[in-house]
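# Notes for the structure review
One letter stands for each residue in the lines below.
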Amino acid sequence: MTDARHRPLRLGVTGGIGSGKSTFAAMLQACGAALVDADQLARSVTESGGSAIDAIRTQFGKDFIDAHGAMDRARMRALAFSQPHAREQLQAIIHPLVGQAIAQAQQHAQDAGHRVVVLDIPLLTESARWPRQLDAVLVVDCSEHTQIERVRSRSGLDEQAVRAIMATQSSRATRRAAADWVVFNEGLGLPELQAVARQIGASLGL
């Protein structure tokens, strides 16, 4: 049985698309935290041979599996944005599998002696299950205009497409209300953001 006194502190890091949350999570990793990327784990279970593929094929049909045997992300994204029930069905398949993978990653971090595990979770405040599994929450925040410009710059999506993604996420106010720390990533260069990460990391014993 795991001794909770020796369990690493579990810090959830979240933020809207384009906020810079994954950049900040990586900076905390550079300070010595273990990093668990929920998005990366979700992608892994939907890749060719992934543990979610059979269930996705059964639930949505073979048209949602691409020629390589992975989930067709573009087709599924279009369906999920247009039909909230379909998004819930997909989440019901993926979330338990990702939860298992996160638990394994946390155990590995504990076995390796890490004091802090940073969980990079895009939809942290959209799910009621996370508060029970985290010790603290850090939100990386910025204006909606900045979110849109950053995503357009890196992905080539138009403003309407970015706003459609943002509409599926919690509001800035909801995320901030759930936070133990809020990092306002507006107008900061990487050195300034790294300084904030080092300060928070030090407060966590990193």
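These remarks concern the structure in this document. It should be emphasised that the depicted structure is a prediction, and the values quoted were computed from it without experimental measurement.

## Considerations on the overall build of the chain
When you go through the chain residue by residue, the secondary structure sums to 9 helices and 5 strands. Listing each helix as α and each strand as β along the chain from the N terminus yields β-α-β-α-α-α-α-β-β-α-α-α-β-α. Here the C-alpha coordinates of the chain stretch approximately 50 × 45 × 30 Å along the principal axes. Within the span of the chain, comprising 206 residues, buried residues form 40% of the whole. Just so you have it, the chain exposes about 10,900 Å², and 50% of that area is on carbon and sulfur atoms. The centroid of the 22 positive side-chain charges in the chain is displaced by 2 Å from the centroid of its 21 negative side-chain charges.

## A word on the packing of helix α1 (residues 21–30) against helix α9 (residues 190–203)
Between two packed helices, the angle of one axis relative to the other and the distance separating the axes together describe the packing. Across the interface, α1 lies against α9 with an axial gap of 9 Å and an inter-helix angle of 55°. Overall, the two elements α1 and α9 adopt an arrangement that is oblique. By crossing handedness, the relation of α1 to α9 is classed as right-handed. Contacts between α1 and α9 involve T23, F24, M27 and L28 from the former and L190, L193, Q194, V196, A197, I200 and G201 from the latter. Considering only residue class, the contact of α1 with α9 consists of 8 nonpolar, 3 polar and no charged.

Definitions and limits used
- Residues numbered from 1 in each chain as written.
- Predicted model: local features only at pLDDT ≥ 70, side-chain atom pairs only at ≥ 80, totals over all residues.
- Heavy atoms only, no water.
- Helix = DSSP H or I, 4+ residues; strand = E, 2+ residues; numbered from the N terminus.
- Buried < 20%, exposed > 50% of the residue type's maximum accessible area, 1.4 Å probe, protein only.
- Areas by Shrake-Rupley, 256 points an atom, 1.4 Å probe, with all protein chains shown as cover.
- Lys, Arg positive; Asp, Glu negative; His and termini not counted.
- Charge placed at Lys NZ, Arg CZ, Asp CG, Glu CD.
- Axes fitted to C-alpha atoms, helices over the stretch in contact; angles between N-to-C directions.
- Parallel < 35°, antiparallel > 145°, perpendicular 65-115°, else oblique.
- Left-handed = near helix turned anticlockwise from the far one by under 90°.
- Contact = heavy atoms within 4.5 Å.
- Nonpolar A, V, L, I, M, F, W, Y, C, P; charged D, E, K, R; others polar.

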